[in-house]
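# Summary of the model geometry
For reference, the chains in residue letters:
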Amino acid sequence: MYRPTWIEIDREAIAHNIREIKTRMGEQQVMAVVKADGYGHGAVTVAEIALENGADLLAVALLEEAIELREAGIQAPILMLEALLPEHAPVASNYDVAVPVFSADWLQEAKRHLTEIDHLRLHIKIDTGMGRLGLQHVDELKRILAECDDDLVELEGIYTHFATADELSSQLFERQLETFLSYVALVPDIRYVHCANSAAAIRLAGQAPFNVVRVGIALYGAMPSDEMAGHYEFLKPAFSLKSRLMQVKQVEPGQTISYGATYTAPTDEWIGTVPIGYADGWSRKFQGYSLIVDGLPCEIVGRVCMDRLMIRLPREYPIGTEVILIGEGAPIEEAAHWLGTINYEVLCQFSKRVPRQ
Ligand SMILES: *Cc1c(COP(=O)(O)O)cnc(C)c1O
C-alpha cells in the first residue's frame, strides 16, 4: 500500500458478533451471508472468521462469489441466493454450491444440462411477498417436487425472504411468515428450513419452526435499521475507513477550494488534503459532511474530487495525521443518512482501490 487510505476490518468484532448471534439462536444453525465481498469487508476473511466462531453455512449472491470461497479452500456448505442460468448448473454442481429453485421450468432446463457425474443441491425459494425471486403457487411446488425424483438433484432446503423484517409492526411480515409455514408443511423432512435475515433472526429467535438463520448485516456489527437498534445493542462494528493528511496549509480569506470554487474561506483557515475521492467510492455528495481528526469533526469543504478531498482543520496538524471517514466518532449510519441511503449500501460502495486490512 503506497497511499495511506485503507479499510480497517476488526476481526475480533466479527468473531464477537457471530458468537453472540449463535448464542441467541440456540439450536438454529447460522448461515453467514458474505455476498458482495462480505458486505465490503472481504468475503474470504469474513467467511473464515465466521466459520471459526460458530457459523455453520455460508451464503453468497453470485456463483463467482461461491467459487472464490471454494478456491480459498473453504469447504462449508454454500448457498447461492441469486438465480442461476440453467446452463451453469454443472458449474454449481462441480463446486458443490447449492442454488435456489424457483420454477419447475427452470429445474427441467437445468437438469437437461446435468450429466450423471453431477449432483446439484437445491433450496426451494418461495416468494411470500417480496415480489422478487421465488414461486408463488402450490402447484409450482408440486411440479418441482415431481422433478426431484432422481440423483441429478437433491432437494436440501426451502426458504423465503421478508420485505419488512426490520419494521417492528408490519402485517406483511406476519402474513409472509404464515404463507411460508404453509409451504413448509408440504415438504416434511427437508434438511434446511430458513426465512430470517438479521432483523428477523432476532425477532423470531427460538419461535418459528425453522432451523437456519441467514445473517448478513449483523455479522458486520451494523444495524438492520434504526428501529432494530434496541435489539442489537451487543453488536460491535467491524468496519472503519481511514486515511491520513497529505498536505496541510493555511489559506487566506477569499481563497476558494476545489472544482467550481464552491467554497470560499471566510477567514484565515487551515485546510488539509485527504487522499480519497469518488473513484474510491467516497461520493461527491459528501461535500459538507464532517470527518474526524484528533477526535474533532472537520467539514469537507469544496467538491470531492476523483482522488482527494479537502477538510477544514481547527488548527495546524502534522502531515500523516489520521483521518477517520467511517469508524469511531463517525458511525456508518451517519454517513448513510447523509447520502439518503442505508448502511448496507455504504458498506458495499468502496472500490478495489481501497485495500482491506
Ligand atoms: C442479503 C440477504 C440476507 C442477509 O440480510 P441481512 O439483512 O444483511 O441480514 C438474507 N437473505 C437473503 C435472501 C439475502 O439476499
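Calculation notes
Residues numbered from 1 in each chain as written. Predicted model: local features only at pLDDT ≥ 70, side-chain atom pairs only at ≥ 80, totals over all residues. Heavy atoms only, no water. 1 Å grid on protein atoms, 1.4 Å probe; cavity = no way out; pocket = protein on both sides within 12 Å on 5 of 7 lines; lining within 4 Å. Points joined across faces, edges and corners; volume = space filled by probe spheres on them. Helix = DSSP H or I, 4+ residues; strand = E, 2+ residues; numbered from the N terminus. Nonpolar A, V, L, I, M, F, W, Y, C, P; charged D, E, K, R; others polar. Near = heavy atom within 4 Å. Polar contact = N/O pair within 3.5 Å; in protein donor to acceptor, adjacent residues only side chain to side chain. Areas by Shrake-Rupley, 256 points an atom, 1.4 Å probe, with all protein chains shown as cover. Sits in = over half its atoms within 2 Å of the grid points. Expected span 1.5 Å × (residues − 1). Buried < 20%, exposed > 50% of the residue type's maximum accessible area, 1.4 Å probe, protein only. Contact = heavy atoms within 4.5 Å. UniProt positions renumbered as here; feature names shortened; annotations may be inferred. Phe/Tyr/Trp six-rings, centres within 6.5 Å; stacked < 30°, edge-to-face > 60°. Pairing = 2+ DSSP bridges. Axes fitted to C-alpha atoms, helices over the stretch in contact; angles between N-to-C directions.

We now examine the layout of surface pockets. In this structure, the largest pocket encloses a volume near 790 Å³. Taken together, 36 residues line the largest pocket, and the ones lying closest to its centre are Lys-35, Tyr-39, His-161, Asn-197 and Tyr-344. At the level of secondary structure, the elements contributing two or more residues to the lining of the largest pocket comprise α2 (35-39), α9 (198-204), β9 (212-215), α10 (332-339) and α11 (343-348). A breakdown of the residues in the lining of the largest pocket according to their chemical character gives 20 nonpolar, eight polar and eight charged.

Let us now look at the site of the ligand. Among the 13 residues in the neighbourhood of the ligand, the closest are listed as Lys-35, Tyr-39, Ser-198, Ile-217 and Tyr-344. Residue Ser-198 places a side-chain N or O atom 2.5 Å away from an oxygen atom belonging to the ligand. In the environment of the ligand, an oxygen atom lies 2.6 Å from a nitrogen or oxygen atom belonging to the side chain of Tyr-344. Protein chains bury 93% of the 390 Å² of accessible surface belonging to the ligand in isolation. The pocket occupied by the ligand, as judged from atoms lying within 2 Å of grid points, is the largest pocket. Listing elements by their share of the shell around the ligand, those giving two or more residues are α2 and β9.

Below, the discussion takes up helix α1 (residues 11-25). Given 3.6 residues per helical turn, the α-helix brings residues three or four places apart onto the same face. Given a rise of 1.5 Å per residue, 15 residues ought to cover 21 Å, and the 21 Å separating the end C-alpha atoms of α1 matches this to within 8%. Within α1, the full set of buried residues consists of Ala-13, Ile-14, Ala-15, His-16, Asn-17, Ile-18, Ile-21 and Met-25. Contacts made by the buried residues of α1 are with β1 (5-9), β2 (29-33), α3 (43-52), α9 and β9. The first or second residue beyond α1 is Gly-26, which carries a positive phi of 60 degrees.

The residues that UniProt annotates with the feature "domain: Alanine racemase C-terminal" (unreviewed entry) are residues 238-357. A distance of 11 Å separates the end C-alpha atoms of residues 238-357, which is 12% helix and 32% strand.

A separate point is the packing of aromatic side chains. Applying the stated criterion to the full structure yields eleven aromatic pairs. Ring centres of Tyr-232 and Phe-234 lie 5.4 Å apart, and the angle between their planes is 50 degrees; on these two criteria the pair is classed as tilted. Summarising the aromatic geometry, the rings of Phe-286 and Tyr-289 are spaced 5.1 Å apart at their centres and angled 50 degrees between planes, so their arrangement reads as tilted. Using a relative accessible area of 0% as the deciding quantity, one classes Phe-286 as buried. Exposure remark for Tyr-289: the relative accessible area of 4% places this residue in the buried category.

Read from one edge to the other, the open sheet built from three strands follows the order β11-β14-β17, with strand pairing classed as antiparallel. At either end of the open sheet lies a strand with only one pairing partner, and these are β11 (247-251) and β17 (309-313). With strand direction ignored, the average angle separating the axes of adjacent strands in the sheet is 30 degrees. In terms of strand pairing, strand β14 (residues 269-274) meets β17 through five bridges, oriented antiparallel. Its bridge partner being in β17, Ile-271 is matched across the sheet by Arg-312.

The topology assignment puts Thr-273 in strand β14. Those residues in contact with Thr-273, other than ones at most four positions away along the chain, are Arg-244, Leu-245, Met-246, Gln-247, Arg-308, Leu-309 and Met-310.

Bringing the sheet that holds strand β15 (residues 290-293) into the picture now. Spatially, β1-β10-β18-β15-β16 is the arrangement adopted by the five strands of the open sheet, whose pairing is antiparallel. Two strands close off the open sheet at either side, each with one partner strand: β1 and β16 (296-299). The sheet shows a mean angle of 35 degrees between the axes of neighbouring strands, direction not considered. In terms of strand pairing, strand β10 (residues 239-244) meets strand β18 (residues 322-326) through four bridges, oriented antiparallel. The residue bridging Ser-243 from the neighbouring strand is Val-323, located in β18.

Right, let's get into empty space enclosed by the protein. The final tally for this structure, using the stated rule, is one cavity of 30 Å³ or more. The wall of the largest cavity is formed by Lys-125, Ile-126, Asp-127, Thr-128, Met-130, Arg-132, Leu-133, Thr-160 and His-161. Residues belonging to the lining of the largest cavity are distributed by class as follows: three nonpolar, three polar and three charged.

We now examine the UniProt feature "binding site: substrate" (unreviewed entry) in the chain. Summarizing the sequence annotation, UniProt attributes the feature "binding site: substrate" (unreviewed entry) to Arg-132 and Met-306 in the numbering used throughout. Taking the farthest pair of C-alpha atoms as the criterion, the annotated set spanning 175 residues is dispersed, since that pair is 35.1 Å apart. Residues from the named set that contribute to the lining of the largest cavity are Arg-132. Among the secondary structure elements, Arg-132 is positioned in the loop between β6 (120-125) and α7 (138-147). Overall, Arg-132 belongs to the exposed group, its relative accessible area being 52%. The residues contacting Arg-132, other than those within four sequence positions of it, are Asp-127 and His-161. The topology assignment puts Met-306 in the loop between β16 and β17. By relative accessible area, Met-306 is classed as partly exposed at 41%. Contact partners of Met-306, with chain neighbours within four places excluded, come to Gly-277, Tyr-278, Ala-279, Asp-280 and Arg-353.

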